[in-house]
Amino acid sequence: MTPDPITYSVVTFGCRVNQADSLAIARDLRARGAIDRPAHQADVVVVNTCSVTAAADQGARQTIRRLVRDNPRVQVVVTGCYATRCSDEVATLPNVVRVVVNDDKDDLVERVAPRLGLAGDPLVTTAARYGSGDGPCGDLSPGVAGRTALTLRVQTGCEQRCSYCIIPRTRGAGRSQPLSTVVRHLERAVAAGYREIAIAGVHLGSYGRDLGDGSCLTTLVRTLAEWDADVLFRISSLEPMDCTPEIVELVATSPRLAPHFHLPLQHGSDEVLRTMRRPYTANAYERLVARIRARVPDASIGSDLIVGFPGESDDHFAETEALLRRLPLTHLHVFPYSDRPGTEAASMPGKVEGVTIRERGRVLRSIGQEMAARFRRSQHGTVRRALTVDDGWSAVTDNYLKVKLPQRHERNEWVDARID
């Protein structure tokens, strides 16, 4: 009698890099015969964690406990940055059968297969995936994992050493996929039917530096700009110092590159930026955004901000607020500062009170809402190319606006959307 196949779900926290990793894990599970199910019905749930803030750690713990309440027999596998930073702590959470650190994440399914009762021989082996096999998407065609666009991780690790960030410790040194490997993965993704692909990395701007073959981010972006197929590439988060005039020009002139930038600012005070060990000034950031807006007038330009960094005074915060009110950004992600044990900032004096952090965060989120509304108003009457998502009643434009459609389309279909 043939046993029932193992069912699985993957729960993801954090950035596009984690999303790409989760898609790869789901692909590997399916390759071993597992079947996707909602988390409350699955035999196995993989929780891919983030640890950028204390709230991210707490969210992972709460999610695991809720999963087990809803599904008492579930086997939980935990990976990602929180699992790497606090593996012993994570291992004590209910129903956790394995903790897989980031260095082992690419082989997660192979490592846990015997414990979970997965098929012994994957339909797509590790060697095949990264050699001459099915590439980064395997049998995960658009829509299968709930996502229409594919996120492809081309780089991991970071050596930037910002004073508040634990990621260099949890992800390690920068490591890039060779350009030939990236191209091969992209060719297979396009052949599988993907029409939009996001290019992601932990420190994407450092792409190629470790390869020793002359590759760099500009080389990669130029390859995407010249791609000979009807596909849109969306460049994930770029540090301001890595967004060069050459990259801006490529986005401005190539229909293959989405007019979409995400440039973490983190703070508007040069003094705080220096303490954060961010290698640019507020003025340099403002000039960069102005250059992008001049060359790509309809571009979406998002940013990240940290409020309540140690030593942040009222004057420092006022500098940030004033800068944001001048910047033609389109959306903000605002993060309250929280100590990450092992970082330089964790031992800094001048901790900001929680009530002050919350109020400053409220102010910046309000500015972000004004930015988003202003950008939408600026697009009224324009026609943007958009990719249909979800149930076909909505689409995401090339410049990152999600819009409702007057009639239903097939998912993963290009449409021309008039913004009203």
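So, how was this worked out
- Residues numbered from 1 in each chain as written.
- Predicted model: local features only at pLDDT ≥ 70, side-chain atom pairs only at ≥ 80, totals over all residues.
- Heavy atoms only, no water.
- Helix = DSSP H or I, 4+ residues; strand = E, 2+ residues; numbered from the N terminus.
- Buried < 20%, exposed > 50% of the residue type's maximum accessible area, 1.4 Å probe, protein only.
- Contact = heavy atoms within 4.5 Å.
- Pairing = 2+ DSSP bridges.
- Axes fitted to C-alpha atoms, helices over the stretch in contact; angles between N-to-C directions.
- Parallel < 35°, antiparallel > 145°, perpendicular 65-115°, else oblique.
- Nonpolar A, V, L, I, M, F, W, Y, C, P; charged D, E, K, R; others polar.
- pLDDT = per-residue confidence, 0-100.

## Looking at the environment of Leu217
Here's step 1: Mapping Leu217 onto the fold places it in helix 9 (residues 217-225).
Here's step 2: A residue is classified by how much of its surface remains accessible, and Leu217, at 4% relative accessible area, is buried.
Here's step 3: For the pair formed by Leu217 and Leu401, sequence separation is 184 residues and the distance between their alpha carbons is 26 Å.
Here's step 4: What Leu217 contacts, discounting residues up to four positions off in sequence, is Leu204, Gly205, Tyr207, Leu238, Asp242 and Ile247.

## Topic: unusual backbone geometry
Here's step 1: With a phi close to 60°, Arg161 is a non-glycine residue in the positive phi region.
Here's step 2: Among the structural elements, Arg161 can be located in the loop between strand 6 (150-156) and helix 7 (167-171).
Here's step 3: Located in the positive-phi region is Arg277, a residue other than glycine, with phi close to 65°.
Here's step 4: Looking at where Arg277 falls in the secondary structure, it is placed in the loop between helix 11 (270-276) and helix 12 (282-295).
Here's step 5: Note on Arg277: relative accessible area 45%, which makes it partly exposed.

## Examining the sheet that holds strand 12 (residues 331-336)
Here's step 1: In spatial order, the strands read 10-11-12; together these three strands make up an open sheet with parallel pairing. Two strands bound the open sheet, and with one partner strand each, they are strand 10 (260-262) and strand 12. Put simply, the sheet's adjacent strands are angled 15° from each other on average, direction ignored.
Here's step 2: Across six bridges, strand 11 (residues 300-307) lies against strand 12 in parallel orientation. The residue of strand 12 that forms the bridge with Asp304 is His333.
Here's step 3: Against the sheet, helix 14 (residues 354-378) touches strand 11 and strand 12, its axis set at about 170° to strand 12.

## Comments concerning the packing of helix 9 against helix 10 (residues 245-253)
Here's step 1: One can describe the packing of helix 9 onto helix 10 by two numbers: an axis separation of 10 Å at closest approach and a directional angle of 10°. Judged by the inter-axis angle, helix 9 sits roughly parallel to helix 10. Touching Leu217, Thr218, Val221, Arg222 and Ala225 of helix 9 are Glu246, Ile247 and Leu250, all from helix 10.
Here's step 2: Of the residues contributing to the contact of helix 9 with helix 10, the split by class is five nonpolar, one polar and two charged.

## Considerations on the confidence of the model for the chain
Here's step 1: Mean pLDDT over the chain stands at 91; residues scoring 70 or higher make up 93%.
Here's step 2: This stretch, residues 123-138, has a pLDDT under 50; its non-local contacts, to residues over four places away or in other chains, come to 38 contacts.

## Considering the pairing of strand 14 (residues 394-397)
Here's step 1: Every second residue of strand 14 is oriented toward a common face, with Ser394 and Val396 on one face and Ala395 and Thr397 on the other, all of them buried.
Here's step 2: Of the pairings in the sheet, the one linking strand 13 (residues 383-389) to strand 14 comprises four bridges and is antiparallel in character. Of the residues in strand 14, the one forming a bridge with Ala386 is Thr397.
Here's step 3: In this structure, the hairpin formed by strand 13 and strand 14 is closed by a connection of four residues, where Asp390 is found at a positive phi of approximately 55°.
Here's step 4: Examined bridge by bridge, strand 14 and strand 15 (residues 402-404) share three bridges and lie antiparallel to one another. Looking at strand 15, one finds that Ala395 is bridged to Val403.
Here's step 5: Hairpin connection between strand 14 and strand 15: a loop of four residues separates the two successive antiparallel strands, and Tyr400 in this loop has a positive phi of roughly 70°.

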